[in-house]
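Fold and contact review
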Amino acid sequence: MPRLLVFGDSLSFHGPEGPCAADEPRLWPNVTAAALGGSADLVAGAGWNARDVWWSLIGDPRVWADLHKVDVVVLAIGSMDTLPSPLPTYLRTGLRYLRPDGLRRVARKAYLAAQPRLAVALRGRPTVLPTRLTIHYLDTAVGALRILRPALPIVGVLPSVHRADSYGGVHTARGPAEAAMREWGQRVGVPLLDLPAVVGEHVLSGRGNPDGMHWGWEGHASVGKAMAALIGPLLAPEAP
C-alpha cells in the first residue's frame, strides 16, 4: 500500500466549485493513490510556488515526520509560478495584513480589478516567481530529499494552462518555464507529468472550474490516472 506525499498548489485541492478538503476522493492526489492501492498526504496552499514547497520542507515538522514513511514524493508545483503578478509577491500577499478591515477590502478589490488589465499591459511580466528561482528551489528540494533518502522516487509536473479572466487570459511565461523545467527534470532524473497534454483541452474548452484555471472532476480523474501511470513503475523496494 504505497503512501504518497504530494506538495501542491490549489490545483491539487480545488474542484469545479471551489476548494475541497484534502480527503475528497475525487481530487487527483487521491485518484492517484487509489489507482496504486495506497494513500496520499497533501501539503498544499492556494497560490503556492516552488519557494513555498522549499519553506514547507525546511519548516514543517509534520513534513519531516512524513518523509521517513512515504514511498514517493510528488512535487506538483510550478503552475502558479508562471502567472502574471503585476505587484511584487510580498506586496500582493501582504494585502491581507492591511488594517483596518475597510482599507484591506478596498485595496484588495482595487488590485483584483487592476490585475487583468496590468497583466495584459505588461504582457504577463513580472511573474509570481521567475523561472530561474523555480528551478533553483526545485533543485534544492530534490537535493535535500536525496540526501535524506537517496532512493526515494520523486516526480513532478509541467506547468498547467489557464483561460482565466482574472489574469486577462495572459500566460506568456508558461512556454519558457516549461522548457526550463523539462531540461531540469532530465538533468536531475525527475520524471515530469505533462499537465497541458493531460488536462489542457479540459481547461481551455471551459469544462473545468468557471474561474478558467482550476479543474472539474473530469480533469482531476485524468490527471490522477496519468500520475499513477507515471509513478507505478517507480515503486520498487527502497535500498536501506
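Scope of this entry: the structure provided in the associated data block. These numbers come from a predicted model, not from an experiment. (Residues numbered from 1 in each chain as written. Predicted model: local features only at pLDDT ≥ 70, side-chain atom pairs only at ≥ 80, totals over all residues. Heavy atoms only, no water.)

1. Regarding the packing of helix α1 (residues 28–35) against helix α9 (residues 217–231)
- It is the contact of α1 with α9, at a shortest axis distance of 7 Å, that shows an interaxial angle of 45°. Relative to α9, the element α1 is oriented oblique. Where α1 crosses over α9, the two elements pack in a sense that is right-handed. On α9, the residues that touch Trp-28, Val-31, Thr-32 and Ala-35 of α1 are His-220, Ala-221, Val-223, Gly-224, Lys-225, Met-227, Ala-228 and Ile-231.
- Of the residues assigned to the contact of α1 with α9, the class counts are eight nonpolar, three polar and one charged. (Axes fitted to C-alpha atoms, helices over the stretch in contact; angles between N-to-C directions. Helix = DSSP H or I, 4+ residues; strand = E, 2+ residues; numbered from the N terminus. Parallel < 35°, antiparallel > 145°, perpendicular 65-115°, else oblique. Left-handed = near helix turned anticlockwise from the far one by under 90°. Contact = heavy atoms within 4.5 Å. Nonpolar A, V, L, I, M, F, W, Y, C, P; charged D, E, K, R; others polar.)

2. Points about the packing of helix α2 (residues 50–59) against helix α6 (residues 131–148)
- Between α2 and α6, the shortest axis-to-axis distance is 8 Å and the interhelical angle comes to 25°. Relative to α6, α2 is oriented roughly parallel. Once α2 is placed against α6, the crossing between them reads as left-handed. Across the interface between the two elements, Ala-50, Arg-51, Trp-54 and Leu-57 of α2 pack against Thr-134, Tyr-137, Leu-138, Thr-140, Ala-141, Ala-144 and Leu-145 of α6.
- Along the lines of polarity and charge, the residues of the contact of α2 with α6 split into eight nonpolar, two polar and one charged.

3. Digging into the pairing of strand β1 (residues 3–8)
- In terms of burial, β1 is a largely internal element, five of the six residues being buried.
- As paired strands, β1 and strand β4 (residues 39–44) are joined by six bridges and run parallel to one another. The residue bridging Arg-3 from the neighbouring strand is Ser-39, located in β4. (Buried < 20%, exposed > 50% of the residue type's maximum accessible area, 1.4 Å probe, protein only. Pairing = 2+ DSSP bridges.)

4. Details of the nonpolar core
- Within the largest apolar cluster, 28 residues are counted, with the highest numbers of intra-cluster contacts made by Phe-7, Leu-57, Val-73 and Leu-75.
- When residues of this core are traced back to their parent elements, those giving at least two are β1, α2, β5 (72–76), α6 and α7 (174–188).
- Residue contributions to this core peak at six residues, all from α6.
- Ignoring anything within four residues of it in the chain, the contact list for Val-73 reads Leu-5, Phe-7, Leu-67, Leu-145, Leu-152, Pro-153, Ile-154 and Val-155. (Core = buried A, V, L, I, M, F, W, Y, C linked by side-chain atoms within 4.5 Å.)

5. Thoughts on empty space enclosed by the protein
- Scanning all chains against the criterion turns up six cavities of 30 Å³ or more.
- Of the volumes computed, that of the largest cavity is approximately 70 Å³.
- Every residue along the wall of the largest cavity is listed here: Asp-9, Leu-11, Ser-12, Trp-28, Ala-76, Ile-77, Ser-79, Val-157, Leu-195, Trp-215 and Val-223.
- Residue composition of the lining of the largest cavity, by class: eight nonpolar, two polar and one charged.
- Taken as a whole, the second largest cavity encloses approximately 50 Å³ of empty space.
- Taken together, Leu-11, Ser-79, Met-80, Leu-83, Ser-160, Val-161, His-162, His-171 and Met-213 form the lining of the second largest cavity.
- Partitioning the lining of the second largest cavity into residue classes produces five nonpolar, four polar and no charged. (1 Å grid on protein atoms, 1.4 Å probe; cavity = no way out; pocket = protein on both sides within 12 Å on 5 of 7 lines; lining within 4 Å. Points joined across faces, edges and corners; volume = space filled by probe spheres on them.)

Any functional reading would require information that these geometric values do not contain.
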